[in-house]
Amino acid sequence: GFARMALARLQQYKRYVTDETAIVSSLEKVVRNLGYLLPTTPHKEAVSETFLAAGDLVSLFNDHILLERLQERHELLQATHSTDPTEHRLMLLLTVIQKIQIAMELIVLKSYDQRGQKNFNLALELLKLTARGFLLFKHGRHHLKAAPLPSLERFRLGCLSCTSNLSPQGLCSSCDAMVAEEASRLQLEQAWASANGGLVPHNVLCPLCNTRVKLTPTAKLADHTGSTRTGIQLSPSDDQQHTINGNSCRLCLQRQQNIDSYHLGLEQSREAAGTAPSSPLDLVVLAAECLHLTRPIVQLTLQRWLGHSSWSPYFISMAMDTSSLYLGSQSKTLHAYEKSTLHQRKLRLVFYLLRSPVWQRLTRPQMEQVLHLFQQRIPFLAFVPRAAMSYLDTMSKLNTFAWSS
């Protein structure tokens, strides 16, 4: 019946996503940007953000399909950290909230008054606090990104030259068909021989230079904790720009770049799947996370009592953020992706320039002076800073854009 037909269509869609990853990624970008191409209307910001959120949700679903395919091909995603179903659902919930919260607040702001907006923000932050608190105290998950399940770096899973999907060995069946086919056959033979107590010699040769092909990445991509190492080169160093292991073969160089990129993509997919392990949770990290998680609730509560024009919520919020960052930076055991999260939080301090009352009293007047000078010097491009100012004016009123952690 209908359920069987829907399931068949879903399977067809999954096959299309896994087979045509590059095309699917381009279509997602079209959906995200479609709202910005619509005519100017009183609700343009809400419409634009809704299209952006829709594109992000489609991308999240497609990432799930690609991760399922990777899990079938590799044990890497399951090796280090076994994710509890409840843990993964909470991380997924927080990721979905992060992708749609701006569009939701804009819709609430257009549909209700500011009181409705404040109630929405408080309810949303309480939901996020509950989910993140459960992940912190129950599962030891800390220094999670705003979206705990980041987007999959799909470009690493495709050929760097033609964007075709790479094989489980990181080989391109279009640019390097002979080696990819031979390596696949060799893998099957080695699996059979291993099961039967035998051994198959590795003898895959490059068709261009006739040298033995190396099917392993040039650098170890993960340490013993499963964290992706920093400083991995996706292209050869300066003294290897034209050689790989002393070989100047163009095809060998391209092949090695694909293998390195593919293996790094596999490591990043652990974080996208939520299976990357967390570092040990000590008292300093716990204090840093508690400050970070409770800061939005404290800020919203103080703004309700004292008003948005008061400086107290602003400075108390800043003190909590800086204290959290200082305590987090004291930990020497953070994994690479947790350090990346800490760095992102530091960069988000620039949003204090868009937060009330600094935006109204300092940032906006200075930007208006710059805009006036721009209009005098380059009048035919004056619409660009005007559009930017209008966008920032709207977004500075949104808690989910300017204040949310």
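Residues numbered from 1 in each chain as written. Predicted model: local features only at pLDDT ≥ 70, side-chain atom pairs only at ≥ 80, totals over all residues. Heavy atoms only, no water.

Caption draft 1: View of the packing of aromatic side chains. If you walk through the whole model with that rule in mind, you get nine aromatic pairs. Look at Y314 and F315: their rings are 5.4 Å apart centre to centre, the planes differ by 90°, and that puts the pair in the edge-to-face class. Judged by its relative accessible area of 5%, Y314 falls in the buried class. In textbook terms, an aromatic cluster arises when at least three aromatic residues are bridged by ring pairs, as seen for W311, Y314, F315, Y352 and W403. Stacked on the ring of Y352, the Lys or Arg R355 has its end atom at 4.1 Å from the ring centre. Between R355 and the ring centre of W403, over which it is positioned, the NZ or CZ distance is 4.9 Å. (Phe/Tyr/Trp six-rings, centres within 6.5 Å; stacked < 30°, edge-to-face > 60°. Buried < 20%, exposed > 50% of the residue type's maximum accessible area, 1.4 Å probe, protein only. Lys NZ or Arg CZ within 6 Å of the ring centre and 35° of its normal.)

Caption draft 2: Structural view of a nonpolar patch on the surface. Residues L7, L10, Y13, V58 and F61 make up a contiguous nonpolar surface patch of about 400 Å² in total accessible area. Those elements giving two or more residues to the nonpolar patch turn out to be α1 (2–19) and α3 (44–73). The element contributing the most residues to the nonpolar patch is α1, with three residues. Relative to the helices and strands, V58 resides in helix α3. (Patch = residues over 30% accessible without salt bridge, like charges linked within 9 Å, V, L, I, M, F, W, Y side chains within 5 Å. Areas by Shrake-Rupley, 256 points an atom, 1.4 Å probe, with all protein chains shown as cover. Salt bridge = Lys/Arg side-chain N within 4 Å of Asp/Glu carboxyl O. Helix = DSSP H or I, 4+ residues; strand = E, 2+ residues; numbered from the N terminus.)

Caption draft 3: Here's a closer look at the pattern of salt bridges. Inspection of the entire model under this criterion finds 14 salt bridges. In this structure, the salt-bridge partner of R141 is E87, at a minimum N-O distance of 2.6 Å. Here R141, found in the loop between α6 (114–139) and α7 (177–195), pairs with E87, found in helix α5 (residues 85–111); they are 54 residues apart in sequence, far enough to count as distant. According to the relative accessible area criterion, R141 is buried, its value standing at 3%. Between E271 and K145 there is a salt bridge, with its nearest N and O atoms 2.9 Å apart. Highlighted residues: E271 in helix α8 (residues 250–272) and K145 in the loop between α6 and α7, separated in sequence by 126 residues. Each member of the pair, E271 as well as K145, carries the same accessibility label: buried. One salt-bridge network, held together by shared partners, links E28, D63 and R154.

Caption draft 4: Representation of the environment of L300 within the structure. For L300, the location among the structural elements is in helix α9 (residues 283–306). Each C-alpha atom, one on L300 and one on N399, is 8.8 Å from the other, the two residues being 99 residues apart in sequence. If sequence neighbours within four positions are ignored, L300 has contacts with N121, L122, E125 and N399. (Contact = heavy atoms within 4.5 Å.)

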